[in-house]
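Listed below, chain by chain, are the residues.
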Amino acid sequence: MSIHEDAKTILETALRACRPDEAVRRALEGRDFAGGRVFLVAAGKAAWQMAHCASRVLGERLTEGVVVTKYGHDMGAIARCRVYEGGHPVPDENSFRGTKAAMELVADLSREDTVVFLLSGGGSALFESPLIPGEELAELTAAMLASGADIVEMNTVRKRLSAVKGGRFAQLCAPAKVYAVVLSDILGDPLDMIASGPACPDSSTCADALAVAEKYHLPVSPQARQLLTEETPKQLDNVETVITGSVRELCTAAAGACRALGYRPVLLTDRLCCEAREAGSFLSSIARTHDGDEESLAFLAGGETVVHLTGSGLGGRNQELALAAAPGIDGMADTVIFSVGSDGTDGPTDAAGGMVDGQTMAHLREAGISVHRVLADNDAYHALDAVGGLIRTGPTGTNVNDVAVVLLRRERR
């Protein structure tokens, strides 16, 4: 196989290992939920996959369910469930419509009832009932995305502008019990930040939220500012939570695939959290350092980078990381760097990420494309598309953050 085929095999193996089916099955099998009615609410980019598995495990015990996921992620009917698609990363009216259906589903439940709550990344946009006008929330979300704010900072603000975030959904379910199965997409698995913690007490404070608004000069209206001063629930007595999946599992699976293909894997970090273009430059520097090594090597970095928007182009953090790595490995033989989002989407595009090699810069030069100008305009999508550097997987059914891999292939021994 070529090094590009190696990269494809590594990616497919890692994504397959991180699908949530088995974890959801383990979390639900054998539970009787005290004999009461069982309702299901699933939210996030992996919601369909998680709900599909849960519906099969619960069978006739499931009374009714609501699933809210991203556009293009509805892969068919799920028994006893209604599936809604909504906007991501900016919430829209369909996000609100699906969330309203979930809120109505859990209204007036009894103490004997249980809500099985399946949560995955992307839920901050998809699972939303705003306390400010939807247009204002969309503007504020877009401003935070453009500012370079990280996911924890964004969710600290969004919790206080929502009727379901920051533990408030669990309050709506009371007195029924909430059994939450959470697929983590945030470094360190902070429960109250994954999808803005709809069923978890909030550890952040009003002071934290106001500090984020000030730090990034966010366009906060007087109404929104007032909401930022109102505290979220700090204690919930009706919730049990199981965390499944993480970026560490994604990196471990990728490393195993690398080893099986003859590469010696080196995990650099599973907490990557810097500017995407800085990460790309750093990974290319590592590749250059080891260019003379005689063994095949794979360097892995998992996490979530950020993009500070300075232009009006199209792309995502993984595409920007890959493109930023291209100059550093220019001319290197048998060298590939790729970066992907485990959910199969990267930014507002149809790509999961990007891949570059030692010939990418030559192809870009032939096409008259300047990497510097492209990155300044945040237009990595079109640049990579022009040289065959986009990775398209389609929706994967999981969402455990991103992984970037440097492959240095040497003569097989």
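Owing to the predicted nature of the structure, the values given are computational and were not obtained by experimental measurement.

Criteria and thresholds
Residues numbered from 1 in each chain as written. Predicted model: local features only at pLDDT ≥ 70, side-chain atom pairs only at ≥ 80, totals over all residues. Heavy atoms only, no water. Helix = DSSP H or I, 4+ residues; strand = E, 2+ residues; numbered from the N terminus. Rg over C-alpha atoms; globule rule 2.2 N^0.38 Å. Buried < 20%, exposed > 50% of the residue type's maximum accessible area, 1.4 Å probe, protein only. Contact = heavy atoms within 4.5 Å. Areas by Shrake-Rupley, 256 points an atom, 1.4 Å probe, with all protein chains shown as cover. Lys, Arg positive; Asp, Glu negative; His and termini not counted. Charge placed at Lys NZ, Arg CZ, Asp CG, Glu CD. Axes fitted to C-alpha atoms, helices over the stretch in contact; angles between N-to-C directions. Left-handed = near helix turned anticlockwise from the far one by under 90°. Nonpolar A, V, L, I, M, F, W, Y, C, P; charged D, E, K, R; others polar. Pairing = 2+ DSSP bridges. Salt bridge = Lys/Arg side-chain N within 4 Å of Asp/Glu carboxyl O. Phe/Tyr/Trp six-rings, centres within 6.5 Å; stacked < 30°, edge-to-face > 60°. Parallel < 35°, antiparallel > 145°, perpendicular 65-115°, else oblique. Core = buried A, V, L, I, M, F, W, Y, C linked by side-chain atoms within 4.5 Å. Polar contact = N/O pair within 3.5 Å; in protein donor to acceptor, adjacent residues only side chain to side chain.

Visitor: It is not clear to me how the overall build of the chain should be interpreted in this structure. Could you clarify?
Guide: When helices and strands are counted, the chain shows 16 helices and twelve strands. The C-alpha radius of gyration computed for the chain amounts to 22 Å, which stays within 12% of the reference 22 Å derived for 413 residues, consistent with globular compactness. When its C-alpha atoms are laid out on the principal axes, the chain stretches across 65 × 50 × 30 Å. When each of the 413 residues of the chain is scored for burial, the buried share is 58%. At a minimum sequence separation of 6, the contacts of the chain that also span at least 24 residues come to 81%. Carbon together with sulfur atoms contributes 51% to the accessible area of the chain, which is approximately 15900 Å² in total. With 39 positive and 55 negative side-chain charges, the chain shows a spacing of 3 Å between the two charge centroids.

Visitor: Sorry if this is basic, but what is going on with the packing of helix α7 (residues 151-159) against helix α9 (residues 206-215) here?
Guide: Two numbers describe a pair of packed helices, the interaxial angle and the distance between the axes. Between α7 and α9, the shortest axis-to-axis distance is 9 Å and the interhelical angle comes to 115°. Where α7 crosses over α9, the handedness of that crossing is left-handed. Counting all contacts with α7, which are made through E153, T156 and V157, the residues of α9 involved are D208, A209, V212 and K215. Within the contact of α7 with α9, the residues separate by chemical class into three nonpolar, one polar and three charged.

Visitor: Quick question: what am I supposed to make of the sheet that holds strand β12 (residues 402-408) here?
Guide: Picture the strands of a sheet paired through backbone hydrogen bonds; they go either parallel or antiparallel. Spatial ordering of the open sheet is given by β7-β8-β12-β9-β10-β11, a layout of six strands whose pairing is mixed. Looking along the sheet, the strands with just one partner apiece sit at the ends: β7 (264-272) and β11 (390-391). Contacts between helix α11 (residues 247-260) and the sheet are confined to β7, β8 (297-303) and β12, with β7 contributing the most and set at about 165° to the helix. Along the sheet, helix α12 (residues 276-289) makes contact with β7, β8, β9 (335-341) and β12, crossing β12 at roughly 25°.

Visitor: What exactly am I supposed to notice about the pattern of salt bridges here?
Guide: When the charged atoms of two side chains lie near each other, side chains of opposite charge can form a pair. What the rule picks out here adds up to 26 salt bridges. E240 serves as the salt-bridge partner of R31, at 3.2 Å between the closest nitrogen and oxygen. Of this pair, R31 sits in the loop between α2 (21-28) and β1 (38-43) while E240 sits in strand β6 (residues 239-244); the two residues are 209 residues apart in sequence, bridging distant segments of the chain. In this structure E240 comes out as partly exposed when scored by relative accessible area, which is 40%.

Visitor: Looking at this structure, how should I read the packing of aromatic side chains?
Guide: Ring pairs (aromatic) are described by centroid distance and by the angle formed between their planes. For the coordinates displayed, the defined rule picks out four aromatic pairs. Where F117 meets F127, the ring centres are 5.7 Å apart and the plane angle is 45°; that geometry is what we call tilted. One end of the pair, F117, is in strand β4 (residues 114-120); the other, F127, is in the loop between α5 (123-126) and α6 (134-147), and ten residues separate them in sequence. For the pair formed by F117 and F127, the shared burial category is buried.

Visitor: Please clarify how the packing of α6 against α7 should be interpreted in this entry.
Guide: Put simply, α6 and α7 touch, their axes get as near as 10 Å, and they point 165° apart. Classified by the angle between their axes, α6 and α7 sit roughly antiparallel to one another. Of the two possible hands of crossing, α6 and α7 adopt the one that is right-handed. On α7, the residues touching L140, T141, M144 and L145 of α6 are M154, V157 and R158. A class-by-class count of the residues in the contact of α6 with α7 yields five nonpolar, one polar and one charged.

Visitor: Would you mind going over the sheet that holds strand β5 (residues 177-183) with me for this structure?
Guide: In space, the six strands of this open sheet follow the order β3-β2-β1-β4-β5-β6, with parallel pairing throughout. The strands lining the two open edges of the sheet, one partner per strand, are β3 (81-86) and β6. Direction aside, neighbouring strands of the sheet carry axes that sit 15° apart on average. Direction of pairing for β1 relative to β4: parallel, over a ladder of six bridges. Across the sheet, the residue bridging to V38 is T114, located in β4.

Visitor: Sorry, what's going on with unusual backbone geometry here?
Guide: In most cases, non-glycine residues show a negative phi, while peptide bonds are predominantly trans. Each neighbour pair has its own omega, and for H88 with P89 the value is 10°, a cis peptide bond. In this structure, P89 sits in the loop between β3 and α4 (93-105). At R80, a residue that is not glycine, the phi angle is positive and equals roughly 65°. Along the chain, R80 turns up in the loop between β2 (62-70) and β3.

Visitor: Please clarify how the environment of L314 should be interpreted in this entry.
Guide: Along the polypeptide, L314 turns up in the loop between β8 and α13 (317-325). Taking C-alpha positions, L314 is 32 Å from M1, a pair spaced 313 residues apart along the chain. Among all residues touching L314, those that are not within four sequence positions of it are P348, T349, N378, D379, A380, Y381 and H382.

Visitor: How should I be thinking about the nonpolar core in this particular structure?
Guide: Within soluble globular proteins, side chains that are nonpolar tend to cluster in buried spots. Residues L28, L40, L118, F338 and L407 are the most contacted members of the largest nonpolar core, which totals 53 residues. Excluding anything up to four places from it in sequence, L118 contacts L40, V41, A42, A43, M50, A51, A54 and V181. M332, L364, V371 and A380 belong to the second largest nonpolar core, which has 34 residues in total.

Visitor: So what exactly am I meant to see when it comes to the side chain of D6 here?
Guide: Within the secondary structure layout, D6 lies in helix α1 (residues 3-17). Assessed through its relative accessible area of 0%, D6 is described here as buried. At 2.6 Å, the side chain of D6 forms a polar contact with the side chain of Y263.

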